[in-house]
Amino acid sequence: MTSERFFPDGMPQPLADAITLPFWQAASEHRLVVQRCTGCGHTRLPPAPICPSCRSGHSDWKEISGRGEVYTYTVVHRPIAAGQQLPFVIAIIALEDAGGVRMISNLVGVDPKHLSIGLPVELVWEDMSGELSIPRFRPASR
Ligand SMILES: [Zn+2]
């Protein structure tokens, strides 16, 4: 899967820690994953040390397709980094094969006037550097 650029280099970057590092390592390989409890199968994102369903501390990672639909969104007219194109869209994506997990990200490649809740979307990777790839979403091409 290729990468495109949508946001400037000066965008604030996510901070990886011991809990979220596997997510970002998979992202750097253009694999979108959700954390899955090995005790009960509950999936979660963002990653957390304890399963909110059964309190197990054991988990693995499930790779998902990156397809989903817009659960909700907001259109932002103020920049958070120099050189940023406005407006931009922050959305919550309901991921279709992730056990009910929703993910906060950006919608790209779409005129905000044409957005709607339920819009089918697909994953697109944005390589911000050699190490950091961020999952964004755009209207599905299917
Ligand atoms: Zn569990």
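The structure under discussion appears in the preceding block.
Since the structure is predicted, the reported quantities are computational estimates derived from the model, not experimental observations. (Residues numbered from 1 in each chain as written. Predicted model: local features only at pLDDT ≥ 70, side-chain atom pairs only at ≥ 80, totals over all residues. Heavy atoms only, no water.)

Trainee: So what's going on with the pairing of strand 4 (residues 68-76)? Which residues, and what values?
Mentor: Moving residue by residue along a regular strand, the side chains alternate between the two faces of the sheet. Bridge count for strand 4 against strand 5 (residues 88-95) is eight bridges, and the pairing is antiparallel. For Val76, the partnering residue across the bridge sits in strand 5 and is Phe88. Sheet analysis places strand 4 next to strand 7 (residues 120-127), joined by two bridges and oriented antiparallel. What sits directly across from Glu69, in strand 7, is Pro120. (Pairing = 2+ DSSP bridges. Helix = DSSP H or I, 4+ residues; strand = E, 2+ residues; numbered from the N terminus.)

Trainee: Tell me what's going on with the coordination of the zinc ion, and back it up with residues and numbers.
Mentor: Within the protein, Cys37 (SG), Cys40 (SG), Cys51 (SG) and Cys54 (SG) serve as the donor atoms for the zinc ion, at 2.3 to 2.4 Å. Of note is the zinc ion, whose four donor atoms meet at the metal with angles of 102 to 113 degrees in an arrangement that counts as tetrahedral. All donors to the zinc ion come from one chain, and their sequence spacing reads C-x2-C-x10-C-x2-C. Of the two residues, Cys40 sits in the loop between strand 1 (33-37) and strand 2 (43-44) while Cys51 sits in the loop between strand 2 and strand 3 (59-63), which places them 11 residues apart along the sequence. Taking the relative accessible area as the measure of exposure, Cys40 reaches 40% and is therefore partly exposed. A relative accessible area of 1% means that Cys51 is categorised as buried. (Donors = N, O, S within 2.8 Å, 3.2 Å for Na, K, Ca; no water. Tetrahedral: all angles 85-135°; square planar, octahedral: opposite > 155°, others 65-115°. Buried < 20%, exposed > 50% of the residue type's maximum accessible area, 1.4 Å probe, protein only.)

Trainee: Tell me about the sheet that holds strand 1, residues and numbers included.
Mentor: Read across the sheet, three strands follow the order 2-1-3 without closing on themselves; strand pairing throughout is antiparallel. Looking along the sheet, the strands with just one partner apiece sit at the ends: strand 2 and strand 3. Pairing geometry for strand 1 and strand 2, over two bridges, is antiparallel. Residue Arg36 lies in a different strand from strand 2, and its bridge partner there is Thr43.

Trainee: So what about unusual backbone geometry? Which residues, and what values?
Mentor: The residue after Leu45, namely Pro46, is reached through a cis peptide bond having omega 5 degrees. Following Leu86, the chain continues into Pro87 via a peptide bond in cis, with omega recorded as -10 degrees. A positive phi angle, near 60 degrees, is found at His30, a position not held by glycine. Turning to its location among the elements, His30 is positioned in the loop between helix 1 (21-28) and strand 1. With relative accessibility at 18%, the residue His30 sits in the buried group.

Trainee: Lay out the nonpolar core with the relevant residues and their values.
Mentor: Generally speaking, a soluble globular protein has its nonpolar side chains buried in company with each other. Ranked by internal contacts, the top residues of the largest apolar core, which has 35 residues, are Leu32, Ile93, Leu95, Leu107 and Phe137. Of all the secondary structure elements, the ones that give two or more residues to this core are helix 1, strand 1, strand 4, strand 5, strand 6 (102-107), strand 7 and strand 8 (133-139). Of all the elements, strand 5 adds the most residues to this core, at five residues. (Core = buried A, V, L, I, M, F, W, Y, C linked by side-chain atoms within 4.5 Å.)

Trainee: Help me get a handle on the pattern of salt bridges, residues and values and all.
Mentor: Summed over the entire model, instances satisfying the criterion amount to 10 salt bridges. Close ionic contact of Glu4 with Arg138 constitutes a salt bridge, the shortest N to O distance being 2.7 Å. Here Arg138 lies in strand 8 and Glu4 lies in the segment before helix 1, a separation of 134 residues in the sequence. Exposure remark for Glu4: the relative accessible area of 33% places this residue in the partly exposed category. Arg138 sits in the partly exposed class, given a relative accessible area of 27%. Across the pair Arg136 and Glu126 runs a salt bridge, and its minimum N-O distance is 2.7 Å. Of this pair, Arg136 sits in strand 8 while Glu126 sits in strand 7, and the two are 10 residues apart along the sequence. Each member of the pair, Arg136 as well as Glu126, carries the same accessibility label: buried. Three or more residues joined by partner-sharing salt bridges are found here, namely Arg5, Asp9, Glu126 and Arg136. (Salt bridge = Lys/Arg side-chain N within 4 Å of Asp/Glu carboxyl O.)

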